[in-house]
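If you want the building blocks of each chain, they are given just below.
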Amino acid sequence: MQERLKELQAEAIQKAAEAASLKELNDIRVAYLGKKGPITEVLRGMGKLSAEERPVMGALANEVREAIAVKIEAKQTELEEAEVQAKLALETIDVTLPGRPVKVGNHHPLTKIIEEIEDLFIGMGYEVAEGPEVEQDYYNFEALNLPKGHPARDMQDSFYITEEILLRTHTSPVQARTMEKHQGKGPIKIICPGKVYRRDNDDATHSHQFMQIEGLVVGENIRMSDLKGTLEVFAKKMFGEDREIRLRPSFFPFTEPSVEMDISCKMCGGHGCNVCKQTGWIEILGAGMVHPNVLEMAGYDPKKYNGFAFGMGPERIAMLKYGIDDIRHFYTNDVRFLKQFAIEE
Ligand code: DAH
């Protein structure tokens, strides 16, 4: 019996040493140390032994068991370690591989222009104001001195939702809304960028939806020369110090007098070319002194307060500044077009 136990010990240790996987090792553990294993079997036969032999044999059986268990345990640690090493080798990262480039987007050219104009006016003490795109006829027209049936309404073909509600045709209603909010007290200095809508057929220079930036200054003793100076600073900052401006008389129902501002054509230096239609000048915006009726309707005393306003189209400014020939490029999202503005973010 003693010999049989020694044999089993040697056999189990040998097999454990040769085990190639954790599964194999576990099978060996079950086979030798399990309840149905040969050692248990041997111990079952102990009943036939004498009282002196029994404790000796019991102690030996425990020794054998312990020796096998120790060996299996050591082998298990070894196999587990090998498994970890194999996994690490498999998952090695080659830090010398060149990285994959990450695609980065860029600001839309119109966003850039609008932010540039905002910064310029913020630098002159203006605040940025906003208003709704779905607007009341009252703010879009009436409060701007364009009563129902006024012929100048035809200049802005509109998308009406109901008889009293429409998609705003310009950002000028924000003037009326801001003045109303100030309840007849000055001063006001705002610019308002935003989307506007007109029932135009889309072509290279027209879009049914486009952007405008409105400016409004209300205070005491505001003069036409303040408007001219402001617009001149704006034009030179936007288009270059060498540009000239010119104010032409014009008509807008909400300003009196009204003007349009042109800048000298950079392409031809004022001699006349295709860009400026041979005139040497390019129209940039509409402006004027706020009409007394507009001030009064918004709750201002036109004898005490006056002001100036202007409105411009950022698409037109971007087209001139970047040499873009079709307004539809801004809205058709061709990445080849948009990518060209990825510089100096
Ligand atoms: N709202 C005008 C338009 O859409 C532009 C404009 C002209 C705005 C003169 C003004 C202004 O504030 O004073 O054509």
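These numbers were taken from a predicted model, which means no experiment stands behind them.

A. Here's a closer look at the pattern of salt bridges. According to the stated counting rule, one finds 13 salt bridges in the structure shown. For Glu 164, the salt bridge goes to Lys 148, with nearest N and O atoms at 3.1 Å. Here the residue Glu 164 occupies a position in the loop between helix H6 (137–140) and strand E3 (165–167), and Lys 148 occupies one in the loop between H6 and E3, the gap between them amounting to 16 residues. On the accessibility criterion, Lys 148 (47% relative accessible area) is partly exposed. Arg 336 is the partner of Asp 334 in a salt bridge, and the nearest nitrogen-oxygen pair spans 2.7 Å. Assessed through its relative accessible area of 31%, Asp 334 is described here as partly exposed.

B. View of the environment of Phe 310. As for its placement among the helices and strands, Phe 310 is situated in strand E9 (residues 306–312). Considering only alpha carbons, one finds Phe 310 and Val 259, 51 residues apart in sequence, at a separation of 9.2 Å. Sequence-distant contacts of Phe 310, that is, excluding residues within four places in its chain, are made with Phe 121, Tyr 126, Ile 191, Ile 213, Glu 214, Gly 215, Leu 227, Leu 231, Leu 285, Gly 286 and Ala 287.

C. Inspection of a nonpolar patch on the surface at higher detail. Together, Val 134, Ile 161 and Ile 165 line one region of the surface with nonpolar side chains, adding up to about 250 Å² of accessible area. By relative accessible area, Ile 161 is classed as exposed at 51%.

The rules behind each value
- Each chain carries its own residue numbering, running from 1 in the direction its sequence is written.
- Restriction of local features to residues with pLDDT of at least 70 applies here, the model being predicted, together with a cutoff of 80 or more for giving and counting side-chain atom pairs; totals for whole chains, interfaces and linings are based on all residues.
- Water and hydrogen atoms were dropped before computing side-chain values, which therefore reflect all heavy atoms in the structure.
- The salt bridge criterion pairs a side-chain nitrogen of Lys or Arg with a carboxyl oxygen of Asp or Glu, the two atoms within 4 Å.
- Under the scheme used here, helices are H or I runs from DSSP no shorter than 4 residues and strands are E runs no shorter than 2 residues, and both carry numbers assigned from the N terminus.
- A simple rule labels every residue: compare its accessible area, found with a 1.4 Å probe on the protein chains alone, to the largest value its type can have, and call it buried under 20%, exposed over 50%, or partly exposed in between.
- Should any heavy atoms of two residues lie within 4.5 Å, those residues are counted as being in contact.
- Note that patches include only residues with greater than 30% relative accessible area and no salt bridge, and the join distances are 9 Å for like charges and 5 Å for nonpolar side chains (Val, Leu, Ile, Met, Phe, Trp, Tyr).
- Computed with the Shrake-Rupley method and a 1.4 Å probe, the accessible areas treat only the protein chains shown as cover for residues.

All quantities given are derived from atomic positions and should not be read as evidence of function.
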